[in-house]
Amino acid sequence: MTPTTADAEHIAHEYWGLDCRAEPLVGYEDHNFLLVTDAGDHWVLKISREGVDEQVLDCQLQALRFLETSPVAHLVQQVLPATDGRCLIPFETGVGEPRWVRVISYLEGAPLANLCDLPHPFLEEIGRTLARLDLALEGFDHPGAHLDHAWRIEGTHELRQYAEHIPEPAQREMVERHFDRFQSEVAPRLATLDHGVIHNDANDYNLLVRDAADETPVLAGLIDFGDCAHTVIIAELAIAAAYLMLDRDDPLTTASNLIAGYHSVRPLMAAEKGLLFDLIVARLSTSVTMSARGLDLEPDNQYLQISAQPMWRLLERLANIDPDEATRLFEDACAPSSTPVRSADEIIAVRRRHLGRNLSISYSQPLKIVRGEGQYLYDDTGSRYLDLVNNVCHVGHCHPRVVAAAQRQMAELNTNTRYLHDNVAEYGLRLTSAFPDALEVCFFVNSGTEANDLALRLARAHTGSKEIIVLDHAYHGHSPSLVEISPYKCEGPGGEGLAEHARKVPMPDPYRGPHRGADAGEHYADEVRAAIAEIEAADHKPGAFMAESLIGCGGQVIPAEGFLAAAADAARDAGAVFIADEVQVGFGRVGTYYWAFETQGVVPDIATLGKPIGNGHPMAAVITTKEIASSFDTGMEYFNTFGGNPVSCAVGLAVLDVIEQEGLQQHALEVGKRMIDGLRELQARHPLIGDVRGLGLFIGVELVRDHETLEPADTEAERVIDEMKIRGFLLSTDGPFHNVLKIKPPMVIQAHDVDEMLEALDEVLGALE
Ligand code: PMP
């Protein structure tokens, strides 16, 4: 009996309560159906063929459930239990044995086999993913994983009996030699290797990719746990290598890249490296033999005939390669990098002795973060954290397109702006075109500090004055010129006070500051006017008013409405320029606009950019008017060794592209709203939350002990940070009283991350109160 779509729809409704439309999907083992529910969700319903062992199916489902909370959860299908809680349901067809039915999620993606090119970084990423999968499966076992089947690598030589189905004598003899070598040389060495449950079939049709048409593919997932087995763990890597090497110009390099990626996450033992080549050959031999046998049983099966061809071609190429030579290549690929691996305590000891002591470390139990991907960070034990504070890796940690852009350009050329290069021209054009028309000249530098330092020079060159007005608690950089005008530093521990040429005005904080209510913005602007008057009274000329468009270190403060525009006007009326420090807040983070100054209805004379601009690559920029730029053109050359180099510009361009192509500004608006709404909902129930403020994904949550006195709940904030860390969420505090939870995650944070974070925060606040 072949199940029909009507059967599938009936089963989905009866057992899973899903009202849906079913469409047949291809499947070799099962009868598969895509279920599209009335709500638009996609699921896959799998109906087994007759005579399939329940244990085998249950093993697949339990493996998937085991992975649900692992770092690879998003790359494998999720199991949907039926309404009665069962995951596997026997379905009586009226003829023969019952069929087993299960429902799992539908993973979007195209088979990797469709890709023509497998770039090195992508192969390494596949390797790392398989290693993470194998690590995640550690500790999982199931009787169904121990049943015998032809695709378990340790039994490879037992398939010699089927070699007689291979019609071509030379091919048959080659495969028989492989089986013999396997029996005498390989099989006896397998027992000493690590064993565990693995997927066991990461072939190029089970590996799915997103954007298959794009030059840098992204792995979307791994499907079909149908062959999962308890076996030699390293077979996972060998099997994937065997398929990825098919029809490649240089199959050993392909394998080496895959192996290098795998080894970087789950280091290979010497014995494993030494057997990889043989295990790759073993898998290919198994596959061609099983195809030949299948073809004898089903002579019309075109699929079997076609799929074996690339395998034969690869086997014939590998026959000319000395296994020891291949092993040497694989060993080179795994060669330890020049960085030895140290424990957290060892690293702290080295830092204490050899690095400046005033470098701080987050958390009382510091984290050793070893990998980042999207909105997540992973520590050395494999634990995953949602990164809620890193506004540098703006488009996501290690975004593949940004990484690829850097790698490509780094491999081609890196010089400086004294040569003509397309990248710097294109980037200069693209970056300035993101600004209001008046801001049309840019300078490339290497850090936020350098950008602000250059901004000071520009302002001085243009106005002839060093006199500057800054906001209380502001931070603009770590160089002498900036520390002395950053109250956050020069008025804090070790500080020497504000420079003589600097004056501070209160932060325009509508929640805690001296002016609150409807006209607070105007009152704060009056403070700027008063500072200007003081400068003039001392017979000086104001040179600049400098402020962050939204205030970061000061406690995630959204300036009182109208403040920046009025303060900038006052500064300009007095002959000064307005410098907007956008180092933390630019590039679409606020959601409604690309730049945060736009939310205040003001155009600065100079804007400084940093952090997100290169997604972690050290680069920054200053954008200004042509008048200010020409005042700076005094005859002295402006040269910056690294600023604006071809690699940095390639990275900067990739970041702009990703923000646009992935719609991240709009995304920040939507996900940010979800976060702010959720936090306001928590505020209604948790007295510790005094204020929730934010624009897009720039959000602050101010904790107070008393809503009248606003007594800062600083120790409570510290507890929240620690408790959230334990639950897998990285947050930190800011503000003069360290009582503001700062939230400014990579812009690729998803709605489900927000929901999970809110749930955890609810629990943590509840326990504290
Ligand atoms: N301005 C602001 C607003 C900042 O937050 C920072 C860094 N925290 C800087 C400037 C200095 O940037 P960098 O650390 O890249 O020198």
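Preceding this paragraph is the structure being described.
As a starting point, this report considers the structure included with it.

1. Some points on helix 8 (residues 302-318)
- Compared with an ideal rise of 1.5 Å per residue, which puts 17 residues at 24 Å, helix 8 spans 25 Å between its outermost C-alpha atoms and is within 8% of the ideal.
- At Gln309, helix 8 shows its maximal bend, which comes to roughly 25°, and the proline Pro310 appears one to four places after that position.
- Regarding helix 8, the residues found buried are Leu304, Ala308, Pro310, Met311, Trp312, Leu314, Leu315 and Leu318.

2. Let's talk about the packing of helix 3 (residues 120-137) against helix 6 (residues 251-265)
- Closest axis-to-axis distance for the helix 3/helix 6 pair is 7 Å, and the angle between their directions is 45°. By the angle between their axes, helix 3 is oblique relative to helix 6. Where helix 3 crosses over helix 6, the two elements pack in a sense that is right-handed. Across from His120, Leu123, Glu124, Ile126, Gly127, Arg128, Leu130, Ala131, Arg132, Asp134 and Leu135 in helix 3, the residues of helix 6 making contact are Thr253, Thr254, Asn257, Leu258, Gly261, Tyr262, Ser264 and Val265.

3. Looking at the packing of aromatic side chains
- Using the criterion set out here, one finds 14 aromatic pairs in the structure.
- Between Phe443 and Phe632, the ring centres sit 5.7 Å apart and the planes meet at 85°, which makes this aromatic pair edge-to-face. In this pair, Phe443 is assigned in strand 15 (residues 441-445) and Phe632 in helix 18 (residues 626-632), connecting sequence segments 189 residues apart.
- For Phe443, a relative accessible area of 11% puts it in the buried group.
- Given a relative accessible area of 10%, Phe632 falls into the buried group.
- Between Tyr594 and Trp595, the aromatic rings sit 5.0 Å apart at their centres with planes inclined by 85°, giving edge-to-face as the arrangement. Per residue, the accessibility class of Tyr594 equals that of Trp595, and both read buried.
- Through a chain of ring-to-ring contacts, the aromatic side chains of Phe435, Phe587, Tyr594, Trp595 and Phe597 assemble into a single cluster.

4. Notes on the pairing of strand 2 (residues 31-37)
- With 7 of 7 residues buried, strand 2 is to be regarded as a mostly interior element.
- Burial along strand 2 is two-sided: the residues His31, Phe33, Leu35 and Thr37 and Asn32, Leu34 and Val36 are all buried.
- Across 6 bridges, the pairing between strand 1 (residues 20-25) and strand 2 is antiparallel. Note that in strand 2 the partner of Ala22 across the bridge is Leu35.
- As consecutive antiparallel partners, strand 1 and strand 2 are separated by 5 residues.
- Relative to strand 3 (residues 42-47), strand 2 is paired through 6 bridges, and the arrangement is antiparallel. The partner of Val36 across the bridge, within strand 3, is His42.
- What sits between the antiparallel neighbours strand 2 and strand 3 is a turn of 4 residues, in which Gly40 has the positive phi angle 90°.

5. Comments concerning the side chain of His165
- Inspection of the secondary structure assignment puts His165 in the loop between helix 3 and helix 4 (169-190).
- A polar atom in the side chain of His165 sits 2.5 Å from the side chain of Asp296.
- Other than its neighbours up to four places away in sequence, His165 contacts Ala292, Arg293 and Asp296.

6. Describing empty space enclosed by the protein
- Per the counting criterion, the structure on display carries 4 cavities of 30 Å³ or more.
- In this structure, the largest cavity spans a volume of roughly 80 Å³.
- Along the walls of the largest cavity sit Lys46, Gln60, Leu61, Leu64, Gln77, Arg102, Ile104, Asp224 and Phe225, which together make up its complete lining.
- When residues in the lining of the largest cavity are grouped by element, the largest group, 3 residues, is from helix 2 (residues 54-66).
- Taken together, the residues of the lining of the largest cavity break down into 4 nonpolar, 2 polar and 3 charged.
- Here the second largest cavity defines a volume of roughly 70 Å³.
- In this structure, the second largest cavity is lined by Val72, Leu75, Val76, Thr129, Leu130, Leu133, Leu207, Leu219, Gly221 and Leu222.
- Secondary-structure elements contributing two or more residues to the lining of the second largest cavity are helix 3 and strand 10 (218-222).
- Within the lining of the second largest cavity, the residues separate by chemical class into 8 nonpolar, 2 polar and no charged.

7. Digging into the nonpolar core
- Judged by nonpolar contacts, the single largest core of 100 residues is most densely connected at Phe545, Leu679 and Met757.
- Apart from residues lying up to four places away in sequence, Phe545 is in contact with Ile469, Leu471, Val528, Phe563, Leu564, Ala567, Ala568, Ala571, Val577, Phe578 and Ile579.
- Counting 87 residues, the second largest nonpolar core, distinct from the first, contains Val44, Ala145, Ile153 and Val175.

About the cut-offs
Residues numbered from 1 in each chain as written. Predicted model: local features only at pLDDT ≥ 70, side-chain atom pairs only at ≥ 80, totals over all residues. Heavy atoms only, no water. Helix = DSSP H or I, 4+ residues; strand = E, 2+ residues; numbered from the N terminus. Expected span 1.5 Å × (residues − 1). Bend = angle between axes of the 7 residues up to and from the residue. Buried < 20%, exposed > 50% of the residue type's maximum accessible area, 1.4 Å probe, protein only. Axes fitted to C-alpha atoms, helices over the stretch in contact; angles between N-to-C directions. Parallel < 35°, antiparallel > 145°, perpendicular 65-115°, else oblique. Left-handed = near helix turned anticlockwise from the far one by under 90°. Contact = heavy atoms within 4.5 Å. Phe/Tyr/Trp six-rings, centres within 6.5 Å; stacked < 30°, edge-to-face > 60°. Pairing = 2+ DSSP bridges. Polar contact = N/O pair within 3.5 Å; in protein donor to acceptor, adjacent residues only side chain to side chain. 1 Å grid on protein atoms, 1.4 Å probe; cavity = no way out; pocket = protein on both sides within 12 Å on 5 of 7 lines; lining within 4 Å. Points joined across faces, edges and corners; volume = space filled by probe spheres on them. Nonpolar A, V, L, I, M, F, W, Y, C, P; charged D, E, K, R; others polar. Core = buried A, V, L, I, M, F, W, Y, C linked by side-chain atoms within 4.5 Å.

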